[in-house]
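Chain and residue survey
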Amino acid sequence: MASADLYIKPALPDRIFPWEKYDPQTREEIDAFFNSPEILEVKKRMVDMGRRLWQREFVDGNGGNLSVRVGHDLVLCSPTLCSKGFMTVEDICLVDMKAGQLCGYRPATSEVKTHIAMMQEVGVNACIHAHPPCCNAFLFAGCVPPNGINPEADIFLGHIPLAPYGTPGSPETARAVAEASRQSTVVFMENHGVITGARHIEEAEWFMENADAYCKMVLLAGLHGEKLNQVDAAGIADFLAIRKNIGYAVPEGQPLYNTRSFNGYTMGTAGAGRSGSQPGS
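Overview of the structure. (Residues numbered from 1 in each chain as written. Predicted model: local features only at pLDDT ≥ 70, side-chain atom pairs only at ≥ 80, totals over all residues. Heavy atoms only, no water.)

Moving on, we come to the packing of helix α3 (residues 112-122) against helix α6 (residues 171-180). Pairs of packed helices are described in terms of their axes, by the angle between the two and the distance that separates them. It is at 8 Å that the axes of α3 and α6 come closest, and there the two elements cross at 35 degrees. At the point where α3 passes α6, the crossing takes the right-handed sense. Every residue of α6 that contacts α3 at Lys113, Thr114, Ala117, Met118 and Glu121 is listed here: Thr173, Ala174, Val177 and Ala178. Residues belonging to the contact of α3 with α6 are distributed by class as follows: five nonpolar, two polar and two charged. (Axes fitted to C-alpha atoms, helices over the stretch in contact; angles between N-to-C directions. Helix = DSSP H or I, 4+ residues; strand = E, 2+ residues; numbered from the N terminus. Left-handed = near helix turned anticlockwise from the far one by under 90°. Contact = heavy atoms within 4.5 Å. Nonpolar A, V, L, I, M, F, W, Y, C, P; charged D, E, K, R; others polar.)

What follows is the structure, encoded as C-alpha cells:
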C-alpha cells in the first residue's frame, strides 16, 4: 500500500477577488486601476460568464447583468443594452457603491443597484441576474420550488426566497432583494427573473445553473402523475450540515421544509415505505 506521504492535497483554486486591498481615490488612480492587469482578468471572467448565460438561454436580447466588487467603493458591471453572449472586456463598466458610473464608454446597467444592495446586505462579492426559463415558470406563478427533494439543490441553493415584484432597477426592488437574500443568495424575483450572489462570479453562474436545473427536474417530475417525495428531517439536517461546511449560510431558526405541498397535494417522504420514517418541521 502506498504511503500517505505520497498523496497530495491540492488547494481549491481561489477565484475570489481581494477587493479589500483596493481603494483608489483620484481620477488618475481609478483610471489606472480600471485598466490594470488584475482588473482585466476579472473582466475576462465576466465576459466568459455572460457567454455561458447566453449559450444556456438564460438571457436573450440584451437581458441579464453581472457584477463583481473590486474595491471598497468599486464594482465592475455589465453595460445596459448589450447582449451578454457578445459582450467584450471593453464593454465592462466601473461604478461606485452608489451606482455612480466612474469608467466605461457604455452606460452601466441600472440594475446594478440591486446587486450592490445584496452585496451590502449579506457580503457577497459577485452577482448575476438572468431569466432562466424553468425558474421563471415558478416565479411567474408567484412560487418557489419545494426543498428537501434533492441533496445538491438544498446544499447549494438553500431555501430559495421570493422577492415581491418591483420595477427593474428601482430602489424598491433593491430593498426587496436585499431583504430576501438573508434567507438565500439565490433569490427569485416575482414576475421578473433570478438574482444570484456568491463569493466569485463563476460561483454566481453555477448557482444560476443549479437553480434552473433543479426547477426543470421538479417540473418534469410533476408530469408523470405520481406524488413527489421529500427526504426525512434527518436527511435535510445532513444537507444543512454540508451547506454550512462549505461556507454557505443557513439562517438561524429556519424550518427544515419551505413547504410540504406541491401541485395541490402534500408530498410524501422518501423511503417511508421501507423505514416508516416521517418528516420533521
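So, next bit.
The biggest cluster of nonpolar side chains holds 51 residues, and the ones touching the most others in it are Phe17, Leu53, Leu66, Val70, Leu76, Leu94 and Phe188. Counting residues per element, this core draws most heavily on helix α7 (residues 201-221), at eight residues. For valine 70, the residues in contact, after removing those within four places along its chain, are Phe17, Trp19, Tyr22, Phe33, Ile39, Val42, Val75, Leu76 and Leu94. Counting residues in hydrophobic clusters, the runner-up holds 19 residues, among them Val95, Ile116, Val177 and Ile195. (Core = buried A, V, L, I, M, F, W, Y, C linked by side-chain atoms within 4.5 Å. Buried < 20%, exposed > 50% of the residue type's maximum accessible area, 1.4 Å probe, protein only.)

A word on the pattern of salt bridges. Within the structure shown, the criterion is met by eleven salt bridges. Note that arginine 52 is salt-bridged to glutamate 205, the shortest N-O span being 3.8 Å. Here the residue arginine 52 occupies a position in helix α2 (residues 37-55), and glutamate 205 occupies one in helix α7, the gap between them amounting to 153 residues. Judged by its relative accessible area of 23%, arginine 52 is partly exposed. If you follow the salt bridges from partner to partner, you end up with Arg15, Asp48, Arg52, Glu202 and Glu205 in one network. (Salt bridge = Lys/Arg side-chain N within 4 Å of Asp/Glu carboxyl O.)

Per the stated rule, a full pass over the model turns up six aromatic pairs. An angle of 25 degrees between the planes, with centres 5.4 Å apart, marks the rings of phenylalanine 17 and tyrosine 22 as stacked. A single burial state applies to phenylalanine 17 and to tyrosine 22, both of which are buried. Centre to centre, the rings of phenylalanine 156 and tyrosine 248 are 6.2 Å apart; their planes meet at 65 degrees, and the pair counts as edge-to-face. In this pair, phenylalanine 156 sits in helix α5 (residues 151-157) while tyrosine 248 sits in the loop between α8 (233-245) and β10 (261-262), placing the two residues 92 residues apart along the sequence. Residue tyrosine 248 is classed as buried on the basis of its relative accessible area, which comes to 12%. An aromatic cluster of at least three residues, connected via ring pairs, comprises Phe17, Tyr22 and Phe33. Over the aromatic face of tryptophan 19 sits the side chain of arginine 69, whose NZ or CZ is 3.7 Å from the ring centroid. (Phe/Tyr/Trp six-rings, centres within 6.5 Å; stacked < 30°, edge-to-face > 60°. Lys NZ or Arg CZ within 6 Å of the ring centre and 35° of its normal.)

A few words on the pairing of strand β1 (residues 65-71). Burial within β1 is extensive, with seven of its seven residues counted as buried. Strand direction decides the pairing type here: β1 and strand β5 (residues 126-130), joined by four bridges, are antiparallel. The residue bridging leucine 66 from the neighbouring strand is isoleucine 128, located in β5. Sheet analysis places β1 next to strand β2 (residues 74-77), joined by four bridges and oriented antiparallel. If you follow glycine 71 over to β2, its bridge partner there is leucine 74. Two successive antiparallel strands, β1 and β2, enclose a turn made up of two residues. (Pairing = 2+ DSSP bridges.)

Right, let's talk about α7 for a bit. The end-to-end C-alpha distance of α7, which contains 21 residues, comes to 30 Å, matching closely the 30 Å that a straight helix rising 1.5 Å per residue would cover. Taken together, the buried positions of α7 are Ile201, Glu202, Glu203, Ala204, Glu205, Phe207, Met208, Ala211, Asp212, Tyr214, Cys215 and Val218. (Expected span 1.5 Å × (residues − 1).)

A few words now on unusual backbone geometry. Positive phi, normally seen in glycine, also occurs at alanine 99, with a value near 70 degrees. Its location among the elements puts alanine 99 in the loop between β3 (93-95) and β4 (101-103). Its relative accessible area of 23% is what places alanine 99 among the partly exposed residues. One non-glycine residue, asparagine 263, adopts positive backbone phi at about 55 degrees. Following the sequence through the fold, asparagine 263 ends up in the loop between β10 and β11 (265-266). When its relative accessible area of 58% is taken as the criterion, asparagine 263 is described as exposed.

Moving on: the side chain of asparagine 125. One can find asparagine 125 in the loop between α3 and β5. Take asparagine 125: its relative accessible area is 13%, and that puts it in the buried class. A polar side-chain atom of asparagine 125 sits 3.1 Å from the main-chain carbonyl oxygen of arginine 199. Apart from the residues within four sequence positions on either side, asparagine 125 is in contact with Ile16, Trp19, Ser67, Val68, Arg69, Met119, Ala198 and Arg199. (Polar contact = N/O pair within 3.5 Å; in protein donor to acceptor, adjacent residues only side chain to side chain.)

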